[in-house]
Amino acid sequence: MIMSNKTSITQFLLLGLPISPEYQNLFYALFLAMYLTTVLGNILILILILLESHLHMPMYFFLSNLSFSDICFSSVTMPKLLQNMLSKDPSIPYASCLTQMYFLMFFGDLESFLLVVMAYDRYVAICFPLHYTSIMSPRLCLCQVVLSWVLTTLHAMLHTLLMARLSFCEDNVIPQFFCDISALLKLACSDVYINELMILFEGGLNIVIPFLLIIVSYVKIVCSIQKISSTRVIHKIFSTCGSHISVVSLFYGTIIGLYLCPSTNNSTAKETAMAMMYTVVTPMLNPFIYSLRNRDMKEALLRVLYKKIFL
Ligand SMILES: *[C@@H]1O[C@H](CO)[C@@H](O)[C@H](O)[C@H]1NC(C)=O
């Protein structure tokens, strides 16, 4: 009895996506295109910001941090998904699974802190334009980025260590396309009370506080522009804030739906679709929403292309 309970498993099976075989190739092509778009779009942003000296401003430094984090975030799940779809071998070793979970939480959380920092940056720029350079000093920017890294390391460490002390018995099938913390908890055969408590408390704080901070920043921005009389400026601010808020809501909405209010009647297909939204779709949309809609970025892109072609 005790012996049979002790047989700990060495690998998990990632069931992947509930796609019928005839559509496998179509979806493979689709996901490959999405992954390449994410990586190339974000690399383009990194290069532009590096090359163009007049983009050397806090907003663009944060943007390049976000792009870096987007590339890593989607690289944690997508290559494994693509490989599984091709090879039809769904197994993933225990250690790789925990590593994937760690980096997924790390970059997911880093993303959310960077979105807060970027919202704060916009708030200062729009509400205190005259004091912007003195408030957002290089030192403060660096502190914000370093603090984000430290907090996300602690967050990912905490949940990975808590997961590592669980034992798993015979059931090793994960009904997801990556090693998802809540799917792993369902498979564990030891007590997961502390893990669930921590997800609710620490995870909740880590998700809800950044989300509220972002919303507060944008609300303050919207309130402050009531004083501006130029409709063109108002329109511009609304269009940027609107797209930021929509990406932010998509990102947090799906995470909150999945981890903070997991309902028992959530079907696997629905959970997979929601996970797809925040692991694949938001990293792909971020470069378009945050930079390619931005005039300075477009001009920088044209200038770099022009230099490359004509000089
Ligand atoms: C991230 O932001 C910091 C602080 O503004 C900046 O110094 C650094 O170059 C950025 N890192 C990347 C990869 O862009």
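This text follows the structure it describes.
As the structure is a computational prediction, the values presented were derived from the model and not from experiment.

A.B. asks: Could you clarify how one ought to interpret the overall build of the protein in this entry?
C.D. replies: When its secondary structure is counted, the protein shows 11 helices and 3 strands. Each helix and strand of the protein, placed in order from N terminus to C terminus, yields the pattern α-β-α-α-β-α-α-α-β-α-α-α-α-α. Against the compact-globule benchmark of 19 Å for 311 residues, the protein has a radius of gyration of 21 Å, which places it among compact chains. Seen through its C-alpha atoms, the protein measures out along the principal axes to roughly 75 × 45 × 35 Å. A separation of at least 24 residues holds for 80% of the contacts in the protein among residues at least 6 apart in sequence. Put simply, the protein shows about 16200 Å² of open surface, and 71% of that area lies on carbon and sulfur atoms. In the protein, 18 positive and 16 negative side-chain charges are present, and the distance between their average locations comes to 14 Å.

A.B. asks: I would appreciate a short explanation of the sheet that holds strand β3 (residues 173-174) in the present structure.
C.D. replies: Strands in a sheet are paired, the pairing made by backbone hydrogen bonds, and the direction either parallel or antiparallel. Read from one edge to the other, the open sheet built from 3 strands follows the order β2-β1-β3, with strand pairing classed as mixed. Lying at the two open borders of the sheet, with one neighbouring strand each, are β2 (91-93) and β3. Where strand β1 (residues 11-14) and β3 come together, 2 bridges link them in parallel fashion. Residue Leu14 lies in a different strand from β3, and its bridge partner there is Ile174. Along the sheet, helix α4 (residues 94-127) makes contact with β1, β2 and β3, crossing β2 at roughly 85°.

A.B. asks: What should I look at first to understand the pattern of salt bridges in this one?
C.D. replies: For side chains bearing opposite charge, pairing can occur when the charged atoms are close. For the structure on display, the rule yields 3 salt bridges. Across the pair Glu52 and Arg303 runs a salt bridge whose closest N-O atoms are separated by 3.1 Å. Separated by 251 residues along the polypeptide, Glu52 in the loop between α2 (24-51) and α3 (58-87) and Arg303 in helix α11 (residues 295-310) bring together distant segments of the chain. Its relative accessible area of 30% is what places Arg303 among the partly exposed residues. Linking Arg122 and Asp121 is a salt bridge whose minimum nitrogen-to-oxygen distance equals 3.0 Å. Since its relative accessible area comes to 21%, Arg122 is described here as partly exposed. Each member of the salt-bridge network shares a partner with another, and the members are Glu52, Arg303 and Lys307.

A.B. asks: Hey, could you run me through the site of the ligand in this one?
C.D. replies: Close to the ligand lie Phe61, Ser64, Asn65, Cys141 and Val145. A distance of 2.6 Å is found between an oxygen atom of the ligand and a side-chain nitrogen or oxygen belonging to Ser64. Between the ligand and Asn65, the relevant distance is 2.3 Å, taken from an oxygen atom to a side-chain nitrogen or oxygen of the residue. When residues of the shell around the ligand are assigned to their parent elements, the largest contribution, 3 residues, is made by α3. The residue inventory of the shell around the ligand, partitioned by class, reads 3 nonpolar, 2 polar and no charged.

Analysis parameters
- Residues numbered from 1 in each chain as written.
- Predicted model: local features only at pLDDT ≥ 70, side-chain atom pairs only at ≥ 80, totals over all residues.
- Heavy atoms only, no water.
- Helix = DSSP H or I, 4+ residues; strand = E, 2+ residues; numbered from the N terminus.
- Rg over C-alpha atoms; globule rule 2.2 N^0.38 Å.
- Contact = heavy atoms within 4.5 Å.
- Areas by Shrake-Rupley, 256 points an atom, 1.4 Å probe, with all protein chains shown as cover.
- Lys, Arg positive; Asp, Glu negative; His and termini not counted.
- Charge placed at Lys NZ, Arg CZ, Asp CG, Glu CD.
- Pairing = 2+ DSSP bridges.
- Axes fitted to C-alpha atoms, helices over the stretch in contact; angles between N-to-C directions.
- Salt bridge = Lys/Arg side-chain N within 4 Å of Asp/Glu carboxyl O.
- Buried < 20%, exposed > 50% of the residue type's maximum accessible area, 1.4 Å probe, protein only.
- Near = heavy atom within 4 Å.
- Polar contact = N/O pair within 3.5 Å; in protein donor to acceptor, adjacent residues only side chain to side chain.
- Nonpolar A, V, L, I, M, F, W, Y, C, P; charged D, E, K, R; others polar.

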